[in-house]
Amino acid sequence: ALPWATLPEAGPAASSAISLYARLTPGFDERLAATLALLKQAASEHPGSVVLANSLGAEDMVLTDLIARHQLPIAIGTLQTGALNPETLALIPKIEARYGLTVELYSPVEESVVHFVRQNGEKAMYQSIELRKACCQVRKLEPLGRMLAKRTAWVTGLRREQSNNRGAMPDREVEANGRAKFNPLVDWTWNDVWHYIETHQVPYNALHDQFMPSIGCAPCTRAIAVGEEFRAGRWWWEDENAKECGLHVKQDSAAVSA
Ligand code: SF4
């Protein structure tokens, strides 16, 4: 396990993600300045053509707050997969009320979901990795393709310490289809994320208070135990190396929008 990917012991007084994780650590101000600079660069290089893919997790809430606070012309988009927890969905109106922003919602094609469930059942994702990825294709990747269509850049809340697979991630890259991808939080620690949330009173997903550091669809997310890795609660029945939904795997635009 990565040394940074374990969670602290939850003491009896620890009742919220902020009390558990928010810490000011050396270099935070520099990391924050670099993040803001990269967001400004994304906005200026891609005027009217860049979107934050907001998964409604803690990292994306930090980015949403920065975008709103600095009035950056970066759209906010969310994949409404049809399988999100109520706590996750509850964040959408909170974002809109707090920041006066409209969250663009991208839902799967209803017929595709009905067809998939009719063919494979509600619990198909647990049967095989192929069916799990097929579910992600219908509920996430196809809507993501629509979110990114006609846009030349997107912003994500990916951090290097989230998993081994993300350890070498650059802060910006150009995908095979030519679209720019900005990852302004690559260097941030989990403590940084919560320090920012605490300092700026950022609204966050209530599931983070229930030992869910990484949050996805309800059937594919569970709480982690003390000492487990950051993403241990995502697709926990699968091999570690398979744990990506396809949103952040290198691929061309055809694969995203197919
Ligand atoms: Fe389906 Fe789970 Fe992927 Fe959500 S995360 S799209 S429920 S397999």
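For the structure itself, consult the block above.
What this report covers is the structure whose coordinates are included nearby. (Residues numbered from 1 in each chain as written. Predicted model: local features only at pLDDT ≥ 70, side-chain atom pairs only at ≥ 80, totals over all residues.)

## Section: the site of the ligand
Next, step 1: The full set close to the ligand counts 13 residues, and C135, C136, R139, C217 and C220 are the nearest of them.
Next, step 2: Here the shell around the ligand is built from residues that sort into eight nonpolar, two polar and three charged. (Near = placed C-beta within 6 Å. Nonpolar A, V, L, I, M, F, W, Y, C, P; charged D, E, K, R; others polar.)

## Quick look at the pairing of strand β1 (residues 50-53)
Next, step 1: With three bridges connecting them, β1 and strand β4 (residues 153-155) associate as parallel partners. Bridge pairing in β4 places V50 opposite A153.
Next, step 2: Note on the crossover from β1 through helix α3 (residues 58-69) to strand β2 (residues 75-79): the handedness is right-handed. (Pairing = 2+ DSSP bridges. Helix = DSSP H or I, 4+ residues; strand = E, 2+ residues; numbered from the N terminus. Right-handed = clockwise from strand over helix to strand, strands pointing away.)

## Focus: the nonpolar core
Next, step 1: Judged by nonpolar contacts, the single largest core of 45 residues is most densely connected at A42, V62, I74, V155, V193 and I197.
Next, step 2: Put simply, the parts of the chain that give this core at least two residues each are α1 (17-21), α2 (28-45), β1, α3, β2, α7 (129-148), β4 and α8 (190-200).
Next, step 3: Each residue touching I197, except ones within four places of it in the same chain, is listed here: I18, A22, A58, M61, V62, V202 and Y204. (Core = buried A, V, L, I, M, F, W, Y, C linked by C-beta atoms within 7 Å. Buried ≥ 20, exposed ≤ 12 C-beta atoms within 10 Å, placed from the backbone. Contact = placed C-beta atoms within 7 Å.)

## Focus: the environment of R231
Next, step 1: Tracing the sequence through the fold places R231 in the loop between α8 and α9 (253-257).
Next, step 2: Given 22 C-beta atoms within a 10 Å radius, R231 is considered buried.

## As for unusual backbone geometry
Next, step 1: At K150, a position not held by glycine, the phi torsion is positive, near 70°.
Next, step 2: The phi torsion at W235 lies on the positive side, around 45°, for a residue other than glycine.
Next, step 3: Residue placement: W235 occurs in the loop between α8 and α9.
Next, step 4: Take W235: there are 24 C-beta atoms within 10 Å of it, and that puts it in the buried class.

## Some details on the sheet that holds strand β6 (residues 180-182)
Next, step 1: Overall, mixed pairing links the six strands, which are arranged β3-β2-β1-β4-β6-β5 in an open sheet. The sheet terminates laterally at β3 (103-106) and β5 (172-174), the two strands that pair on one side only. On average, adjacent strands in this sheet sit at an angle of 25° to one another, irrespective of strand direction.
Next, step 2: Inspection of the sheet shows β1 paired to β2 by three bridges, in the parallel sense. Each residue of the ladder has a partner; that of A53, found in β2, is G77. (Axes fitted to C-alpha atoms, helices over the stretch in contact; angles between N-to-C directions.)

## Side note on the environment of G157
Next, step 1: Take G157: it is sitting in the loop between β4 and β5.
Next, step 2: In this structure, the C-alpha to C-alpha distance between G157 and D209, residues 52 residues apart in sequence, is 19 Å.
Next, step 3: Other than its neighbours up to four places away in sequence, G157 contacts G57, E59, D60, L63 and L185.

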